[in-house]
Structures are given as structure tokens and as C-alpha cells.
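# Descriptive analysis of the structure
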Amino acid sequence: MFVELPPRDLEDYYSFIERPISLSCVQKRLKRKRYQGNVEKFKNDVMLIFDNATSYNTSKSQIYRDAEFFKASYYCYCFIEINAVVMVVMAVVVISIVV
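Residues numbered from 1 in each chain as written. Predicted model: local features only at pLDDT ≥ 70, side-chain atom pairs only at ≥ 80, totals over all residues. Heavy atoms only, no water.

Right, let's talk about the confidence of the model for the chain for a bit. On average, the chain scores 83 in pLDDT, and the residues at 70 or more come to 77%. Taken element by element, the predicted model of the chain shows its lowest mean pLDDT in helix 4 (residues 62-98) (69) and its highest in helix 1 (residues 11-16) (95). (pLDDT = per-residue confidence, 0-100. Helix = DSSP H or I, 4+ residues; strand = E, 2+ residues; numbered from the N terminus.)

Next up, the structure:
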């Protein structure tokens, strides 16, 4: 799950989900350097995988619960990443003031 797109015979999925995407799609885009210089696009595509899963599946399904778990984990990762960047920027500002 999440690695490959759902089978094409799942027609209602493709009529319901506007932008189907999977981890293998993201991997192909990485290899083709489609995210080069655009980390936000990469982050948005990864989140779209899990958003699609929670939009299409019922809240009682395992796929929905797994998608929610991964979304929460990914938000935490992004939050930690943002905080690290803020700390570096603050350090640079403090150093430039002291020097």
C-alpha cells in the first residue's frame, strides 16, 4: 500500500481522486530531478499520497488508519526540520550581531 497506484480497474478511485500519486511516482520524480530546488513540491506530493488515502477510504479501514499515522509522522518530521532551520537562522543572526 502507498508504494504503487491502485489498480486501474478500481475505476471509482480514479474518478474520485483528482491527482493519484504513489511512493513509486515520487521515486521516479526524484530520479528525474523534478524536485530539484523545490522541497515544498516534494513534501506536498508525499502528503498527497496520504491525503488521497484518507479521502478515498473509510475511517475504519486499515489503509485510512495507516495513512493517518504516516501523515502525523510526516508532520512531526517537517516540524523538526523547520525548527532546525529556524535555530540555524537564529544562530547566524546572533553571530552577526555579536561580530
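This is not the end of the story, as more comes after the structure.
So, about the layout of surface pockets. A volume near 250 Å³ is recorded for the largest pocket. Residues that form the lining of the largest pocket fall into these classes: eleven nonpolar, three polar and one charged. (1 Å grid on protein atoms, 1.4 Å probe; cavity = no way out; pocket = protein on both sides within 12 Å on 5 of 7 lines; lining within 4 Å. Points joined across faces, edges and corners; volume = space filled by probe spheres on them. Nonpolar A, V, L, I, M, F, W, Y, C, P; charged D, E, K, R; others polar.)

Residues F2, I21, V26, V46, I49, F50 and A67 are the most contacted members of the largest nonpolar core, which totals 13 residues. A per-element tally of this core places helix 3 (residues 39-56) first, with six residues. Residues contacting A67, with those up to four places away along its chain left out, are F2, F50, A53 and T54. (Core = buried A, V, L, I, M, F, W, Y, C linked by side-chain atoms within 4.5 Å. Buried < 20%, exposed > 50% of the residue type's maximum accessible area, 1.4 Å probe, protein only. Contact = heavy atoms within 4.5 Å.)

Over its 18 residues, helix 3 extends 26 Å from the first C-alpha to the last, a length consistent with the 26 Å expected when each residue adds 1.5 Å. Residues of helix 3 that are buried: K43, D45, V46, M47, L48, I49, F50, N52, A53 and T54. (Expected span 1.5 Å × (residues − 1).)

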